[in-house]
Amino acid sequence: MDVEFDEDQLLLQRMVRETVAGTRSLPEDQQWARYRELGWLEAPPVELAIVLEELGYVADPTPFLATATWFAPLAGRLPDGAGTAVCDGTGRFVLDADRADEVALVTADGVVVVDGSEVAAKRVEVFDPNLHVAHVEADGLVAGVPDMALMGLAVTAVGSCRRILDLVVDHVRNREQFGAPIGSFQAVKHKAADMYVAIERARVLAYFAALTIAEGDARAHRASLMAKAAAGECQRLVFANGLQLFGAMGFTWENELQIHLKRAKACDLLLGTASVHRKALLA
């Protein structure tokens, strides 16, 4: 199984980075329209993972993640607008349920797709103000989380953690103490190195999950569980080290760091934390 990007995938990665950098200052609805226009929602699993990693890097506020990896795998199609799914059997903390045009409900009778206006969804406030999360009231819900949803959250968390590390590296290169950049201190180097290793480990597992899904490999479910668990463990280390290396600045609302810390943490909590998926691997 080839885990290296080919020329087309590398080109896609560059194009996505350039597009996202150029549109991140636009209103959310314009960003969403641009992504749909470019056809990113129709990308196959590995290419979709590339897109999601870059969207995670900028803490994308659009309903792209829920539409592409929660709704589409269950409904077997893209929604008419934005979509999401109630797939963990609880109806709690459903990504983008408050603004979805269509919602896929996993029930004992199978997947039922309903109009968003027909779903009783109430948005709940969470620590990430750019994230739309809602509680949904529906009968007959059962658990049926798609592997794509786990992979999508994992690779999105990887993108957020990459951004945290980039911000940290830039900070420790420029912040001076005792007449030298703090990045020259051994303890700081070790923490940054630990962050890098954790990110690369989670990244490899996320793309392995995408590859198994793309190829219909029997290992897809197990790979997705591993990816989600590794991403959760990654964000825990990156969160702690990133916050510490920024010092008091890391606690401020004015600092961009807090945006990405919150998004990485949310990706771990949605559809179960790392420990939940580690236990599932043992079951």
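Structure: above.
Figured I'd write up the structure that's included with this text. (Residues numbered from 1 in each chain as written. Predicted model: local features only at pLDDT ≥ 70, side-chain atom pairs only at ≥ 80, totals over all residues. Heavy atoms only, no water.)

### Concerning the pairing of strand 6 (residues 133–137)
Thought 1: Burial analysis of strand 6 places four of its five residues in the buried class, the great majority of the element.
Thought 2: As paired elements, strand 2 (residues 94–95) and strand 6 share two bridges and run antiparallel to each other. Across the sheet, the residue bridging to Leu95 is Val133, located in strand 6. (Buried < 20%, exposed > 50% of the residue type's maximum accessible area, 1.4 Å probe, protein only. Helix = DSSP H or I, 4+ residues; strand = E, 2+ residues; numbered from the N terminus. Pairing = 2+ DSSP bridges.)

### Re the packing of helix 4 (residues 64–75) against helix 5 (residues 147–174)
Thought 1: The contact between helix 4 and helix 5 brings their axes to 8 Å, and the two run at 160 degrees. Our classification of the angle between helix 4 and helix 5 gives roughly antiparallel. Helix 4 and helix 5 meet at a crossing whose hand is right-handed. Residues Leu65, Ala68, Thr69, Trp70 and Pro73 of helix 4 form the contact with helix 5, whose own contacting residues are Met148, Ala149, Gly152, Leu153 and Thr156.
Thought 2: A breakdown of the residues in the contact of helix 4 with helix 5 according to their chemical character gives seven nonpolar, three polar and no charged. (Axes fitted to C-alpha atoms, helices over the stretch in contact; angles between N-to-C directions. Parallel < 35°, antiparallel > 145°, perpendicular 65-115°, else oblique. Left-handed = near helix turned anticlockwise from the far one by under 90°. Contact = heavy atoms within 4.5 Å. Nonpolar A, V, L, I, M, F, W, Y, C, P; charged D, E, K, R; others polar.)

### Re the environment of His260
Thought 1: Following the sequence through the fold, His260 ends up in helix 8 (residues 257–269).
Thought 2: With a relative accessible area of 1%, His260 lands in the buried category.
Thought 3: A sequence separation of 79 residues divides His260 from Pro181, and the C-alpha atoms of the two residues are 24 Å apart.

### Structural notes on the environment of Lys189
Thought 1: Within the element layout of this structure, Lys189 appears in helix 6 (residues 186–214).
Thought 2: Along the chain, Lys189 and Leu74 lie 115 residues apart, while their C-alpha atoms are 44 Å from each other.
Thought 3: Those residues in contact with Lys189, other than ones at most four positions away along the chain, are Gly183 and Ser184.

### Some remarks on the environment of Leu12
Thought 1: Inspection of the secondary structure puts Leu12 in helix 1 (residues 7–23).
Thought 2: Sequence spacing of Leu12 and Glu47 is 35 residues, and the spatial spacing of their C-alpha atoms is 7.7 Å.
Thought 3: Excluding anything up to four places from it in sequence, Leu12 contacts Glu47 and Ile50.

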